[in-house]
Amino acid sequence: MKTLTNTTYLAKAVGIAVDNVLNAGGPFGALVVSPDGRTFEGVNRVTANNDPTAHAEVVAIRNACQGLGTFDLTGSVLYSSCEPCPMCLASSLWARIDRVVFAADRHDAARAGFDDAVFYDYFDTPAENRLMPVVRDGAEESGYLEPFNIWSKLETRIDY
């Protein structure tokens, strides 16, 4: 059985990114390779679908989860044509992806007009100076703990 390499998977991710550009999508492609070798593709459809979360990596993760019937992709590898943005990295963490391998980096993307630096810098900036404030307000009045209290007692819950 032929073993596929990082180079092979990255070439495939780059190839689907090229095809996506020619199909009204962004210049990003990704694939998730499951532990048993199944692959699930994703392409950037942000502008095509008017969905700011439709990054190639997120789409590939969604496709893998649906195809495998699970939200836990432990043992899987995410290959991306470009260094994943913070949202895609967080999605990879939530999906329990074991490893992320990418081709072009964030600086290559910035030169093409995709500068994610503000998002990378967001978490290093003091809360009071962040681009988008995230605040807690009126928590006690809203009954904020009730969903967690119910969840904690629910015998049928599925932990993730």
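Look above for the structure.
If you're wondering where the values come from, they're calculated on a predicted model, not measured in any experiment.

(A) View of the side chain of Asn 20. With respect to the helices, strands and loops of the structure, Asn 20 is situated in helix H1 (residues 6–21). A relative accessible area of 4% places Asn 20 in the buried class. Of the polar contacts made by the side chain of Asn 20, one reaches the backbone oxygen of Asn 44; its length is 2.6 Å. In this view, Asn 20 contacts Gly 25, Gly 26, Phe 28, Val 43, Asn 44 and Arg 45; residues no more than four positions away in its chain are not counted.

(B) Inspection of unusual backbone geometry at higher detail. Phi is positive for Ala 24, which is not a glycine, with a value near 65 degrees. As for its position among the elements, Ala 24 is in the loop between H1 and strand S1 (29–33). Its identity is not glycine, yet Arg 96 carries a phi of approximately 65 degrees, on the positive side. Among the structural elements, Arg 96 can be located in the loop between helix H4 (86–94) and strand S4 (99–104). A relative accessible area of 35% means that Arg 96 is categorised as partly exposed.

(C) Highlighting H1. Between its first and last C-alpha, H1 extends 23 Å over 16 residues, near the 22 Å set by a 1.5 Å rise per residue. Residues Tyr 9, Leu 10, Ala 13, Ile 16, Ala 17 and Asn 20 constitute the buried set of H1. All buried residues of H1 lie within an arc of 125 degrees about the axis, which places them on one face of the element. Of the surrounding elements, those touching the buried residues of H1 are S1, strand S2 (39–43), strand S3 (77–82) and S4.

(D) Representation of the sheet that holds S1 within the structure. As summarised here, the arrangement of the 4 strands in space is S2-S1-S3-S4, forming an open sheet in which the pairing is mixed. Taken across any chain shown, the strands that pair with only one partner, and hence form the sheet edges, are S2 and S4. The mean inter-strand angle of the sheet, taken between neighbouring strand axes irrespective of direction, is 15 degrees. Both S3 and S4 contribute to a ladder of 5 bridges, which runs parallel. Within S4, the residue paired with Ser 80 across the bridge is Phe 102. Strands in contact with helix H3 (residues 56–68) are S1, S2 and S3; relative to S2, the strand with the most contacts, it is inclined by about 145 degrees.

(E) Looking closely at the pattern of salt bridges. Following the criterion strictly, the structure yields 5 salt bridges and no others. Among the salt bridges present, the one from Asp 36 reaches Arg 38, with a minimum N-O distance of 3.0 Å.

(F) Molecular detail of H3. Taking 1.5 Å per residue, 13 residues should reach 18 Å; H3 reaches 18 Å between its end C-alpha atoms and fits that length. Within the sequence span of H3, burial applies to Ala 56, Glu 57, Val 58, Val 59, Ala 60, Ile 61, Ala 64 and Cys 65. Lining the buried residues of H3 we find S1, S2, S3 and H4. Backbone geometry just downstream of H3 places Gly 69 in the positive-phi region, at approximately 70 degrees.

(G) Region of the structure containing the environment of Phe 71. Looking at where Phe 71 falls in the secondary structure, it is placed in the loop between H3 and S3. When its relative accessible area of 44% is taken as the criterion, Phe 71 is described as partly exposed. Counting along the chain gives 54 residues from Phe 71 to Thr 125, while the straight-line C-alpha distance between them is 32 Å. Once residues lying within four places of it in the same chain are set aside, the contact partners of Phe 71 are Cys 65, Trp 94, Ala 95, Ile 158, Asp 159 and Tyr 160.

Definitions and cut-offs
Residues numbered from 1 in each chain as written. Predicted model: local features only at pLDDT ≥ 70, side-chain atom pairs only at ≥ 80, totals over all residues. Heavy atoms only, no water. Helix = DSSP H or I, 4+ residues; strand = E, 2+ residues; numbered from the N terminus. Buried < 20%, exposed > 50% of the residue type's maximum accessible area, 1.4 Å probe, protein only. Polar contact = N/O pair within 3.5 Å; in protein donor to acceptor, adjacent residues only side chain to side chain. Contact = heavy atoms within 4.5 Å. Expected span 1.5 Å × (residues − 1). Arc of directions from axis to C-beta. Pairing = 2+ DSSP bridges. Axes fitted to C-alpha atoms, helices over the stretch in contact; angles between N-to-C directions. Salt bridge = Lys/Arg side-chain N within 4 Å of Asp/Glu carboxyl O.

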